[in-house]
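For reference, the chains in residue letters:
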Amino acid sequence: MITIDGPAGAGKGTVARRLAARLGYRLLDTGAMYRALAWSVARAGLAPEDTPALRRHVERVHVDVEGDRVVVDGRDVTDEIRSPEIAALTSRLSMLGVVRDKLTPMQRRMAATGGVVLEGRDTGTVVCPDAEVKFYLDASLEERAHRRQLELRARGVEVDTETARADIAARDAQDSSRALAPLRRASDAIEVDTTGLSVEQVVSLLAEMVERRRREPMGCG
Ligand code: DC
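One numbering rule holds for all chains: residues counted from 1, following each sequence as written. Totals for whole chains, interfaces and linings use every residue, but because this is a predicted model, local features are given only for residues with pLDDT of at least 70 and side-chain atom pairs only at 80 or more, for both listing and counting. In computing side-chain values, all of the structure's heavy atoms are included and hydrogens and water are not.

Enquirer: Could you clarify how one ought to interpret the overall build of the protein chain in this entry?
Expert: Counting its regular elements, the protein chain contains 9 helices and 8 strands. Computed over its C-alpha atoms, the radius of gyration of the protein chain comes to 17 Å, within 12% of the 17 Å expected for a compact globule of 221 residues. Its C-alpha atoms put the protein chain at 55 × 40 × 30 Å along the principal axes. Counting contacts in the protein chain only where the partners sit at least 6 residues apart, residues at least 24 apart contribute 78% of the total. Each accessible area is a Shrake-Rupley result for a 1.4 Å probe, and residues are judged covered by the shown protein chains and nothing else. Of the accessible surface of the protein chain, which amounts to about 10,800 Å², a share of 51% is contributed by carbon and sulfur atoms. Each helix is a run of H or I in the DSSP string that is no shorter than four residues. Each strand is a run of E no shorter than two, and both are numbered from the N terminus. Throughout, the radius of gyration refers to the C-alpha atoms, and the reference size of a globule is 2.2 Å times the residue count to the power 0.38. In what follows, residue pairs with any heavy atoms lying within 4.5 Å of each other are defined as contacts.

Enquirer: Whenever I open this one, helix 8 (residues 161–177) confuses me. Can you help?
Expert: Side chains that are three or four residues apart share a direction in an α-helix, a result of its 3.6 residues per turn. Multiplying 1.5 Å by the residue count of a helix minus one yields the expected span of that helix. Here helix 8 contains 17 residues, and its C-alpha end-to-end distance of 24 Å stays within 8% of the 24 Å for a straight helix at 1.5 Å per residue. Where helix 8 is concerned, the buried positions are Ala164, Ile168, Arg171, Asp172 and Asp175. Each buried residue of helix 8 sits inside an arc of 105 degrees when the element is viewed along its axis, so together they form one side. Residues of helix 8 that are buried in the fold lie against helix 2 (30–43), helix 4 (84–93) and helix 7 (141–154). Only protein chains enter the calculation, and the probe is 1.4 Å; a residue is then buried if its accessible area is under 20% of its type maximum, exposed if over 50%, and partly exposed in between. The directions considered for the arc run from the helix axis to the C-beta atoms.

Enquirer: Could you clarify how one ought to interpret the site of the ligand in this entry?
Expert: Taken together, 16 residues lie around the ligand, and Arg35, Arg100, Asp122, Asp175 and Arg178 are the ones closest in. Think of a polar contact as two N or O atoms within 3.5 Å of one another; within protein, one of them needs to be a possible hydrogen donor and the other a possible acceptor, and neighboring residues in sequence only count if both atoms come from side chains. One of the side-chain nitrogen or oxygen atoms of Asp122 is found 2.7 Å away from a nitrogen atom of the ligand. Protein coverage of the free-state accessible area of the ligand, which is 450 Å², stands at 98%. Counting residues per element, the shell around the ligand draws most heavily on helix 2, which supplies 4 residues. By convention in these notes, a residue is near a molecule or strand provided one of its non-hydrogen atoms lies within 4 Å of it.

Enquirer: How do you make sense of the sheet that holds strand 8 (residues 190–193) when you look at a structure like this?
Expert: Within a sheet, neighbouring strands are paired by backbone hydrogen bonds and run either parallel or antiparallel to one another. In space, the 5 strands of this open sheet follow the order 2-6-1-7-8, with parallel pairing throughout. Both outer strands of the open sheet, strand 2 (26–29) and strand 8, are each paired with one neighbouring strand and no more. Across this sheet, the average inter-strand angle for adjacent strands is 20 degrees, counted without regard to direction. Two strands pair when backbone bridges link them, and strand 2 and strand 6 (residues 116–120) are joined in this way by 4 bridges, in the parallel orientation. Within the sheet, the bridge partner assigned to Arg26 lies in strand 6 and is Val116. We treat two strands as partners when DSSP finds at least two bridges between them. Whenever a helix is involved, its axis is fitted only over the stretch in contact; in every case the axis is a line through C-alpha atoms, and angles between N-to-C directions fall within 0 to 180 degrees.

Enquirer: Looking at this structure, I do not really get the sheet that holds strand 5 (residues 75–76). What am I missing?
Expert: Ordered by their spatial adjacency, 3 strands build an open sheet running 3-4-5, and the pairing between neighbours is antiparallel. The sheet terminates laterally at strand 3 (63–66) and strand 5, the two strands that pair on one side only. Pairing analysis gives 4 bridges linking strand 3 to strand 4 (residues 69–72), with the strands arranged antiparallel. Bridge assignment links Val65 to a residue of strand 4, and that residue is Val70. Along the sheet, helix 2 makes contact with strand 3, strand 4 and strand 5, crossing strand 4 at roughly 30 degrees.

Enquirer: Hey, could you run me through the packing of helix 3 (residues 51–60) against helix 5 (residues 97–111) in this one?
Expert: Describing two packed helices takes the angle between their axes plus the distance from one axis to the other. Closest axis-to-axis distance for the helix 3/helix 5 pair is 10 Å, and the angle between their directions is 10 degrees. Taken together, the axis directions place helix 3 and helix 5 in an arrangement best described as roughly parallel. Contacts between helix 3 and helix 5 involve Leu54, Arg55, Val58 and Glu59 from the former and Val98, Val99 and Lys102 from the latter. Here the contact of helix 3 with helix 5 is composed, by residue class, of 4 nonpolar, no polar and 3 charged. Every angle not falling under 35 degrees, over 145, or within 65 to 115 is termed oblique; those three ranges are roughly parallel, roughly antiparallel and roughly perpendicular. Each residue is assigned to one class: nonpolar for Ala, Val, Leu, Ile, Met, Phe, Trp, Tyr, Cys and Pro, charged for Asp, Glu, Lys and Arg, and polar for all the others, Gly among them.

Enquirer: I keep staring at the pairing of strand 1 (residues 2–5) and nothing clicks. Help me out?
Expert: Put simply, side chains in a regular strand alternate between the two faces of the sheet. Burial along strand 1 is two-sided: the face carrying Ile2 and Ile4 and the face carrying Thr3 and Asp5 are both buried. Taken together, the 4 bridges between strand 1 and strand 6 define a ladder with parallel strand orientation. Paired with Ile2 across the strands is Val117, a residue of strand 6. By the bridge criterion, 4 bridges tie strand 1 to strand 7 (residues 133–138) in an arrangement that is parallel. Looking at strand 7, one finds that Thr3 is bridged to Lys134.

Shown next, in the form of structure tokens:
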């Protein structure tokens, strides 16, 4: 099991996908599951603060991961969940116990067979604390905002630099300060600052570290 955590825009998504492909592992994008649940809440027209209704909804809704697609009650929402609005709602909902209690056990089950790269905020701290290799990716706020802007542009969504920076900073603050499973580096995670590095450089660096860990498992010096 390999975990990759870090703040929004640190490059986790692309890097995790390429690393998994390089190693012949499966990829589990845990953020996509949170986004899918948030999408279903928005679609049902529920307010995040309406706790009883939210609880009923979360208990009923089915979130499935099928390869690299994410499906809510039989509908493929993989592309729809990438909007800035869904990102903001996801960050709010992922603070709630009722939401985390639904998705965390699913993620553990999906990772249990191994040969998997998990990507998210709490995969190395809460979902798979026993993972063999843990990474924590970070980059400057400037660079993360710029990457998010390019990613959205590729999907046909234009946001200005100031908005991208403010959105990312707000999500960082919310994801790091929440009481349940906050974003933080696991004490045994390898921290990689991706500022100024290309995706290929980061993937190669991580793959080398995985190789090294295979040759010299932890505890051997
Ligand atoms: O990585 P992402 O942008 O798709 O994640 C969307 C939101 O989901 C993020 O702001 C916080 C939440 N999230 C979480 O709380 N725990 C995870 N393991 C993954 C994502």
